[in-house]
Amino acid sequence: MARGRREAGGDLPGSHAYQHAAAIRTFDAWWPKLVDGAFRPGLGDDVYAALTRALQIDESPSGATGPTSAGSLNQSQGHKGSAFQYGWWGYLDKDLRAVLGDPVRSGLGRTYCGGGSVAGCRQVLVTTLAAAVAEPAGTTYPGDKDCSAGDQWCADTIIQSPLGGITHDKISWQNRPTYQQVVSFPAGRGADLTNLALNRSVSANGTFIGYTAKAAVDGDPTTRWSSWWTDSQSITVDLGSARTLRRVILRWETAYGSRYRIEVSANGSTWQPAAVVDAGNGGLDNVTFAPVSARYVRMVGVARGTGYGYSLWEIEAYSS
Ligand SMILES: [Ca+2]
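Residues numbered from 1 in each chain as written. Predicted model: local features only at pLDDT ≥ 70, side-chain atom pairs only at ≥ 80, totals over all residues. Heavy atoms only, no water.

**Digging into the confidence of the model for the protein chain**
For the protein chain, per-residue confidence averages 89 on the pLDDT scale, and 89% of positions sit at 70 or higher. Here residues 1–9 is modelled with pLDDT under 50, and outside its nearest four sequence neighbours on either side it reaches 21 contacts, counting other chains as well. A low-confidence stretch, residues 64–76 stays under pLDDT 50, and its non-local contacts, those more than four residues away or across chains, total 24 contacts. (pLDDT = per-residue confidence, 0-100. Contact = heavy atoms within 4.5 Å.)

Laid out in structure tokens, this is it:
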């Protein structure tokens, strides 16, 4: 993620240097060689040049590998906080997968790397990577009026444009995301998302004074049940009638369960396990399991994540 930090010019340990500086330098050097090696032979010089003018292959923070044509809308001007938004990442990703024979949605229409052969493409990767490793830092980060050649930290910095008499030091910048977000969908379109536990009869074998079990099924995200401060605690919901269950959502307060079981029962006395969670980290747990018919569902605590009890803002049950 984006981070900005004003540098006071000091040289504390770790300041003005990346932890894995050589790896970053290698990838910075490799990317333009890799794209060129993968696509130029198949596209030909003229088409490759025209396409890279339309969409630059990279958006390095320093702008060193951006296009030089004045007309490009996407041209990086350098030192403005690149987020690597513009580039050929998707093209190469799709091409490599196509060469490997993997399914590619909205593919490129043909393969490019290594002429489409796995062995040829592997050679392109190895050759360009070897060239990147051998490239001097001063070539990867050529330097400009603000930064000396080879100064990786400086190449990535944000450099302010003076406004009247107001100036500002360079700002440290790094935004080299591999992942920025993971979104998971617990159910699909058309699924019945009725919370079967809502406002149902509920009980707990231990309740800390004032934090009743009822608060865990009241649909109110600001009220909670809290157990006694021991590991062996449970909360049980009576769904009113037998329902098909496929998952339970637990909305933990700070006091969460690190190990617990979800158990179900037809009669409230004979229980069977539906799921075991043994490395919980709190927050929201969406616990899925094979469909099972049950009238009762309970969370059985095995180990607490904190010194407090188990505390749930809500426990929810779903048929899909
Ligand atoms: Ca609640």
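**Describing the pairing of strand 7 (residues 271–277)**
Pairing of strand 6 (residues 257–265) with strand 7 involves 6 bridges; the strand directions are antiparallel. Note that in strand 7 the partner of Tyr 260 across the bridge is Val 277. Counting the residues in the hairpin turn of strand 6 and strand 7 gives 5 residues, including Gly 268, whose phi is positive at 85°. (Pairing = 2+ DSSP bridges. Helix = DSSP H or I, 4+ residues; strand = E, 2+ residues; numbered from the N terminus.)

**Some details on helix 3 (residues 89–99)**
Residue pairs three or four apart in sequence face the same way in an α-helix, which turns once every 3.6 residues. Buried within helix 3 are the following residues: Leu 92, Asp 95 and Val 99. Seen end-on, helix 3 carries its buried residues on one side only, within an arc spanning 65°. (Buried < 20%, exposed > 50% of the residue type's maximum accessible area, 1.4 Å probe, protein only. Arc of directions from axis to C-beta.)

**Let's talk about the pairing of strand 8 (residues 284–304)**
Where strand 5 (residues 234–252) lies against strand 8, 13 bridges are found, and the strand directions are antiparallel. What sits directly across from Arg 247, in strand 8, is Thr 288. Relative to strand 8, strand 6 runs antiparallel, the two being bridged by 8 bridges. Residue pairing across strands places Tyr 260 opposite Gly 301, the latter belonging to strand 8.

**Some thoughts on the packing of aromatic side chains**
How two aromatic rings sit relative to each other is set out by the distance from centre to centre and by the angle between their planes. For the structure on display, the rule yields 13 aromatic pairs. Ring geometry for Phe 39 versus Trp 88: centroids 5.4 Å apart, planes at 75°, classification edge-to-face. In this pair, Phe 39 is assigned in helix 1 (residues 21–43) and Trp 88 in the loop between helix 2 (45–54) and helix 3, connecting sequence segments 49 residues apart. No difference in accessibility class separates Phe 39 from Trp 88, as the two residues are buried. Grouping aromatic residues by their ring pairs yields a cluster made of Phe 39, Tyr 48, Trp 88, Tyr 91 and Tyr 112. The ring of Trp 271 carries the charged tip of Arg 298 above its face, separated from the ring centre by 3.9 Å. (Phe/Tyr/Trp six-rings, centres within 6.5 Å; stacked < 30°, edge-to-face > 60°. Lys NZ or Arg CZ within 6 Å of the ring centre and 35° of its normal.)

**Here's the deal with the coordination of the calcium ion**
Only Ala 215 (O), Asp 218 (OD), Asp 220 (O), Thr 223 (O), Thr 223 (OG1), Trp 313 (O) and Glu 314 (OE) from the protein coordinate the calcium ion, and they sit 2.2 to 2.7 Å from it. The motif formed by the donor residues of the calcium ion, counted along the single chain, is A-x2-D-x1-D-x2-T-x89-W-E. Placement of Asp 220 in the loop between strand 3 (201–204) and strand 4 (225–226) and of Glu 314 in strand 9 (residues 311–318) is noted, with a sequence separation of 94 residues between them. Residue Glu 314 is classed as buried on the basis of its relative accessible area, which comes to 4%. (Donors = N, O, S within 2.8 Å, 3.2 Å for Na, K, Ca; no water.)

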